[in-house]
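Notes for the structure review
If you want the building blocks of each chain, they are given just below.
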Amino acid sequence: MITATALTKTFDGFAALNDFTAEIPRGSIYGLVGTNGSGKSTLLRLISGIYRPDGGEILVAGQPPFENPSIKERIFHVSDDLYFLPQSSMNDMARFYAGIYRSFSWDTYREMCDRFPIDPKKRINTFSKGMKRQTALILALSCRPDILLLDEAFDGLDPVIRIGLRKILADLIADGGMTVVIASHNLRELEDLCDHMGLLHAGKVIFAREIDQVKLGFCKVQAVFKVPPKPESLKVLDVMQYEISGSVINLIVRGNADQVVAEIHKMGPILVETVPLTLEEVFIHEMEAVGYDYSKIIF
Amino acid sequence: MITPKSFSSKSKGLGFFRSALLNQVSFIIATTILLFIVIVVPYLVSAPEHSHLLYSYSGPDLTGAIRDYYSRYFYGIYLSDAQPGFVGVILALITFAAALFSARYLHSKKMTDLYHALPLRREKLLLVNTGATMVAILGPYLIIYLFTAIGQQAVYGRYGWVTAEYFRYVAMDLFTTMVLVWVVYALTTFVSVNVGTTFDSLAISGVLMFLPTIVYGIGGSVWELTTYGAKFQWEYGLRLSPFLFFFERFNASTYTARGTIYQYPFIAGVTAAWLLIGCLLFGAALLCYRRRKSEVAEQTQPFGIFQMVVKCFAVLFGSALFLALFNERGMAVRLLALVLGGVSVGLIAELILSRGTKALLKNLRWLALSGGVFCLMYLGLSFDLFGYVYRMPDLSNVASVEVTYRGQYWDDVSRADFTSPIDWDSRSITRLEDAQCIEIVRNAHQSQLEYHRQNADSRNYGGSTLRILYRLKNGRTLSRYYPDVDPQSYAILSQLEDKEEFILQNNPLFVMEEYGQLPGTQLMVTAAASSITNDEAVPLKLNEEQLGRLVDALQADTLRRPLEEILSPTHQARGYIRLTYRDLSRLDDYDYASTVKYSYDGFSNDGSFITEYWAPITDNYTQTLALLRELKLEYLLEPKLEEIGEVRISDFYDIYTFSHASMVQRMMPQGRNYYDWRMSKDSSEFKVFSVTDPAEIEGLINRGKSMMFLDDDAASQVLAMQYVDKNGKQMGLQFIRLEDLPDSVRPQVASYLEERLALYSETDNPRVTVTY
């Protein structure tokens, strides 16, 4: 379990994290969402022990990770700006990590080499951006950490690799209880993978929820009317968003989907159906509920 | 719940060490190649020469001779005394680069992310990197060193020349090299840990490597320039830089006629101090690294303490540089130069290290402070606020004094040749404990200060310097150095010429007697006699007892000689007794022969020759003359008038002003090389006058002098004369006063002298009259 309490980190007077409090449960896939400069990478570096907090505390399994080799042994951090030893191949990097991480598994490494189309003998500095990211992920997974920190990990990966990676992570989590923290600015990318989500802005968490709970209280409905009802007519429903396009109205409503559809049927539509709700749409309305103008935060 | 597992940190460290060592492969290769070039290749290049020497050498004791030869020419495993310096500096440069390379991860955000995320404590990270770097540098060094030593033994060891001295040298070389490499690494790492970029690390640690030496040099130079009598020992500054101490370490030695004596305890002491400094720096690096924020990577730190030190140093350096450029100007100009220099160089340092002017206003106060401190120091020294210039000890407090005055013996062998370092300063020192002698030296010192008080700018009289060192009864010393000797000071010092303590230390008659008592010497003395007109002496066939009596007589007459007769002789010059000194224990010592001056008249320059001394004999040398008379050898002093065809006369004022002005001068044999040329022809620059009348020649012989005290006034009235035989062969030399010239040439010579002296204008070489 990762616990941050009133965590603060400043750089030259700028507070990258400001009184940040959050809990990342064990075995979860936690998505950290936020714009550039919101503090995602800083949080990951604090968890991995690269940075020391300026205020508050960060605990991993009840211990601060900074200068704590026994805790860091179980953490692997994949940075957004990757670095590999000069002139090294993936095999060279594997040997490097194998000498430091006792949990490194050559079997897992070989298995990953089979699953990803990367030549382990070629020098990494000849790889493309996506290939380098795959290399970093292979090495990270081979170290079999208890906590895997991925900073913009999917950036540059093709869709096939993304799907494969999601499956691998899901398997590892299911098998070993690995906790994964993924930092990204792309909600859609994280939607299918994470079970927890936290939205960062200006160094603080403004929204943190289990994904299921987030979607649970909302539904999106599309209905066709000869004469579309005005918003005032829909007061019986807790409408979060009302869009009209000719005869078609699109509604985002807080409440159970079946109940909402039944209520709309009473108004005599030609057609009414529910459509999938994206995480982004949920977030927009959740944040408006807590007083944030979404359009100023995420774009 | 995550259970923290403790794994073997040793195996983690080893794994990381392997990786760190692999990272240093390029340095391993570079070190190996460079050391091979500077250590092994010279052997390969000089092998044919050494082989030739081995086969061509002959002597009574071949093995012993070669042992002696090679023990003198090998410096441990090296073939020259400069090699250890170059080897050390190459290693230091490689270490410097390797340390920067090893610490570069601290200066890159993405590298920092990788390394600081590893499950390793920072101390271990640093220690493992350090170990890998040291192995990468010192591993090849030790291997090549051993390889060379074994090869050296294989080729030359059969002569059994390896001695305890060899092992001492090798041990000291290895010890100092490894320590200095360590210091370079520790300093670079300490700086790297505290700055954010590799450029800052390079610039700041590069400056700090030499900063103490440069500050010492600047301080010492300013002190010497502004403070009359100050002389700072620049070589001490070389010991303040790990780079420069590579060259200086074996210079901390004494060179004597019997070989080099390395000051091993001293070298070991300085090296131990460096070892301690290196350990302290590395310890500080560890401490700072623990506290270092990872986010410092790639950041410049305009207000960091290291940057400020370097910037303040830049102000000091700039001030000193401009001060040196304008040192000859007035105080106002010098102060302006000091300020402008500090400002300009300080500004450049600020712009470079802060990457612009953003921090300039905030840093200005520190830069101004360092400039201000230097300015105040300069003013304090310039106006002698510390009372250094005119400080002199009371006579009652002085136990002994050393002075760089040897008078007429300036070019003769001295006691220092055999007991002290052979360098110009030591050879020119006389050490005195006699109260009267001390008083003379102090009076000369007083005169020198008076001269300074009356002269705004010092003038250099022919390159003579004066150094005085008082050893006080309380154990302290007071030392002064004057680059321009006041002629009056030399006149006062010339009063030492008849003092027994002075003569015993400087006159070869006594110095060589002392030499003969040194252990291991086999002194052989031969005597020859010459008239004042000849340049070749006739060997005297004397048995040991007669030779001993002759030396005793010469010594007695020399000690009895009155001061007036030395300075302004009235007695007739009678000739010379030339004593030649050889040490048969050095018969095969070619090197020794080159370190001690060899004779002017072409003695075979084998190793046994030490020196020769032409003792000038006058009518006053009664004991010597009596002995020669007894041995029926007095006739050898008589000039053969019938053989002399001509006496050539010319001035020598240019020689006088060039060197050793205002001292007692002897004409033979010191003047031979120059005057043989000078007297052989006229030129547009100077004239040679000729006297051929036999009566006039005889008169010149009677009135010529072999030695006298010459100051400007006297020198302008004294000429050099050389005797020439009827075949045109140039022979002996003497001084002759203008007034003692025959009427046939005196007017022309006087007129010529006036023209010549007019060439030396008042501004360059003013005529000075001294009293003594």
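Residues numbered from 1 in each chain as written. Chains lettered and ligands numbered in written order. Predicted model: local features only at pLDDT ≥ 70, side-chain atom pairs only at ≥ 80, totals over all residues. Heavy atoms only, no water.

Moving on to the overall build of chain A. From N to C terminus, chain A includes ten helices and 13 strands. Taken along its principal axes, the extent of the C-alpha atoms in chain A is 70 × 45 × 30 Å. By residue count, 55% of the 299 residues in chain A fall in the buried class. Pairs at least 24 residues apart make up 67% of the contacts formed inside chain A by residues separated by at least 6 positions. Surface summary for chain A: the accessible area is close to 13100 Å², and the carbon and sulfur share equals 50%. (Helix = DSSP H or I, 4+ residues; strand = E, 2+ residues; numbered from the N terminus. Buried < 20%, exposed > 50% of the residue type's maximum accessible area, 1.4 Å probe, protein only. Contact = heavy atoms within 4.5 Å. Areas by Shrake-Rupley, 256 points an atom, 1.4 Å probe, with all protein chains shown as cover.)

The next subject is the interface of chain B and chain A. Across the contact, 32 residues belong to chain B and 39 residues belong to chain A. Taking both sides of the interface into account, the surface hidden between chain B and chain A amounts to around 3200 Å²; carbon and sulfur atoms contribute 58%. Linking chain B with chain A are four salt bridges. Of the charged contacts, one joins B:Arg122 and A:Glu67 as a salt bridge, the two residues approaching to 3.9 Å between their closest N and O atoms. Elements supplying a minimum of two residues to the side of chain B that touches chain A: α1 (9-23), α5 (109-117), α6 (122-156) and α11 (264-291) of chain B. For the side of chain B that touches chain A, the leading source of residues is α5(B), giving seven residues. Residues of the side of chain B that touches chain A, tallied by class, amount to twelve nonpolar, eight polar and twelve charged. (Buried area = accessible area lost by both parts, 1.4 Å probe. Salt bridge = Lys/Arg side-chain N within 4 Å of Asp/Glu carboxyl O. Nonpolar A, V, L, I, M, F, W, Y, C, P; charged D, E, K, R; others polar.)

Residue and element names in this part refer to chain A. Taking burial as the measure, the six residues of strand β8 (residues 196-201) include five buried ones, the bulk of the element. Relative to β8, strand β3 (residues 29-34) is paired through five bridges, and the arrangement is parallel. When the bridges of β8 are listed, tyrosine 30 appears paired with histidine 196. Bridge analysis of β8 against strand β9 (residues 204-210) gives six bridges, and the strand direction is antiparallel. (Pairing = 2+ DSSP bridges.)

Hydrogen bonds between backbone atoms are what pair the strands of a sheet, whose relative direction is either parallel or antiparallel. Residue and element names in this part refer to chain A. Strand order in the open sheet formed by six strands is β5-β6-β7-β3-β8-β9, and the pairing between neighbours is mixed. The open sheet has two edge strands, β5 (75-78) and β9, and neither has a second partner. Ignoring which end each strand starts from, the neighbouring axes of this sheet average 15° apart. By the bridge criterion, five bridges tie strand β6 (residues 147-151) to strand β7 (residues 179-184) in an arrangement that is parallel. Opposite isoleucine 147, over in β7, you have threonine 179 as the bridge partner. (Axes fitted to C-alpha atoms, helices over the stretch in contact; angles between N-to-C directions.)

We now examine the packing of aromatic side chains. One pass over the structure, following the stated rule, counts 32 aromatic pairs over all chains. Taking 5.2 Å as the distance between ring centres and 65° as the angle between the ring planes, the aromatic pair formed by A:Phe96 and A:Tyr97 counts as edge-to-face. The class of A:Phe96 is buried, set by a relative accessible area of 3%. Look at A:Tyr97 and you get buried, because its relative accessible area is 8%. Taken together, a centroid distance of 4.3 Å and an interplanar angle of 15° make the contact between B:Tyr169 and B:Phe250 stacked. Of this pair, B:Tyr169 sits in helix α7 (residues 164-194) while B:Phe250 sits in the loop between α10 (242-248) and β1 (253-256), and the two are 81 residues apart along the sequence. Given a relative accessible area of 5%, B:Phe250 falls into the buried group. (Phe/Tyr/Trp six-rings, centres within 6.5 Å; stacked < 30°, edge-to-face > 60°.)

Let's shift gears to unusual backbone geometry. For A:Ala6, which is not a glycine, the phi torsion comes out positive at approximately 50°. Structurally, A:Ala6 can be placed in strand β1 (residues 2-11).

Right, let's get into helix α8 (residues 198-226) of chain B. For α8(B), which comprises 29 residues, the first-to-last C-alpha distance of 40 Å matches the rise-based estimate of 42 Å (1.5 Å per residue) to within 8%. A bend of about 50° at B:Leu211 is the largest found in α8(B), and the proline B:Pro212 appears one to four places after it. (Expected span 1.5 Å × (residues − 1). Bend = angle between axes of the 7 residues up to and from the residue.)

Time to look at the domain arrangement of chain A. One can read the domain layout of chain A as domain 1 (2-213) and domain 2 (216-276). Of note, the centres of domain 1 of chain A and domain 2 of chain A, computed from C-alpha atoms alone, are 41 Å apart. (Domains from an automatic or database assignment.)

Residues and elements named next belong to chain B. Evaluation of the coordinates by the stated rule reveals 36 salt bridges over all chains. A salt bridge links arginine 574 to glutamate 638, with the nearest nitrogen and oxygen atoms 3.2 Å apart. Placement of arginine 574 in strand β9 (residues 573-583) and of glutamate 638 in the loop between α24 (622-630) and β11 (644-650) is noted, with a sequence separation of 64 residues between them. We classify glutamate 638 as partly exposed; its relative accessible area is 40%. If you follow the salt bridges from partner to partner, you end up with Arg574, Asp619, Arg629, Glu634 and Glu638 in one network.

Residue and element names in this part refer to chain B. When you tally the buried positions in strand β16 (residues 730-737), you get eight out of eight residues, the bulk of the element. Bridging between strand β15 (residues 718-725) and β16 involves six bridges; their strand directions are antiparallel. From the neighbouring strand, alanine 720 faces β16, where its bridge partner is phenylalanine 735. Here β15 hands over to β16 after four residues, with glycine 728 in that stretch at a positive phi of 90°.

Let us now look at the nonpolar core. Judged by nonpolar contacts, the single largest core of 142 residues is most densely connected at A:Phe96, A:Tyr97, A:Leu148 and B:Tyr115. With 17 residues, α7(B) is the largest single contributor of residues to this core. Apart from residues lying up to four places away in sequence, B:Tyr115 is in contact with A:Tyr83, A:Leu85, A:Phe96, B:Phe16, B:Asn23, B:Tyr105 and B:Leu125. Listed in part, the 66 residues of the second largest apolar core include B:Cys437, B:Tyr451, B:Val485 and B:Ile566. (Core = buried A, V, L, I, M, F, W, Y, C linked by side-chain atoms within 4.5 Å.)

What follows is about the packing of α7(B) against α11(B). Residues and elements named next belong to chain B. Between α7 and α11, the shortest axis-to-axis distance is 8 Å and the interhelical angle comes to 25°. Regarding the angle of α7 to α11, the classification is roughly parallel. Note that α7 runs across α11; the crossing there is left-handed. Its residues assigned to classes, the contact of α7 with α11 shows 25 nonpolar, five polar and two charged. (Parallel < 35°, antiparallel > 145°, perpendicular 65-115°, else oblique. Left-handed = near helix turned anticlockwise from the far one by under 90°.)

All names here are of chain B. Along the chain, tyrosine 43 falls in helix α2 (residues 25-56). For tyrosine 43, a relative accessible area of 11% puts it in the buried group. Each C-alpha atom of the pair tyrosine 43 and isoleucine 77 lies 9.8 Å from the other, and the pair is 34 residues apart in sequence. Polar side-chain contacts of tyrosine 43 include one of 2.7 Å to the side chain of glutamine 152. (Polar contact = N/O pair within 3.5 Å; in protein donor to acceptor, adjacent residues only side chain to side chain.)

This part takes up the sheet that holds strand β7 (residues 523-530) of chain B. Residues and elements named next belong to chain B. Overall, antiparallel pairing links the four strands, which are arranged β8-β7-β9-β10 in an open sheet. Strand pairing shows two members of the sheet lacking a second neighbour, β8 (538-539) and β10 (609-618), which therefore form its edges. Relative to β9, helix α21 (residues 544-560) is tilted by about 125°, and along the sheet it contacts β7, β9 and β10.

For the rest of this paragraph, the subject is the side chain of B:Arg334. Residues and elements named next belong to chain B. Among the secondary structure elements, arginine 334 is positioned in helix α13 (residues 331-353). The class for arginine 334 is buried, based on a relative accessible area of 16%. Engagement of the side chain of arginine 334 in a polar contact is seen with the side chain of tyrosine 378, the distance being 2.9 Å. Discounting residues that sit within four places of it in the chain, arginine 334 has contacts with Leu323, Phe326, Asn327, Arg329 and Tyr378.

This brings us to the packing of α6(B) against α7(B). Residues and elements named next belong to chain B. Running from amino to carboxyl end, α6 crosses α7 at an angle of 155°, the nearest separation of the two axes being 11 Å. Relative to α7, α6 is oriented roughly antiparallel. Between α6 and α7 lies a crossing whose hand is right-handed. Mapping the contact onto sequence places Leu126, Asn129, Thr130, Thr133, Met134, Ile137, Leu138, Tyr141, Leu142, Tyr145, Ala149 and Gln152 in α6 and Tyr166, Val170, Asp173, Leu174, Thr177, Met178, Val181, Trp182, Tyr185 and Thr189 in α7. Here the contact of α6 with α7 is composed, by residue class, of 15 nonpolar, six polar and one charged.

Within the fold, B:Thr624 resides in helix α24. Given the relative accessible area of 0%, B:Thr624 is considered buried.

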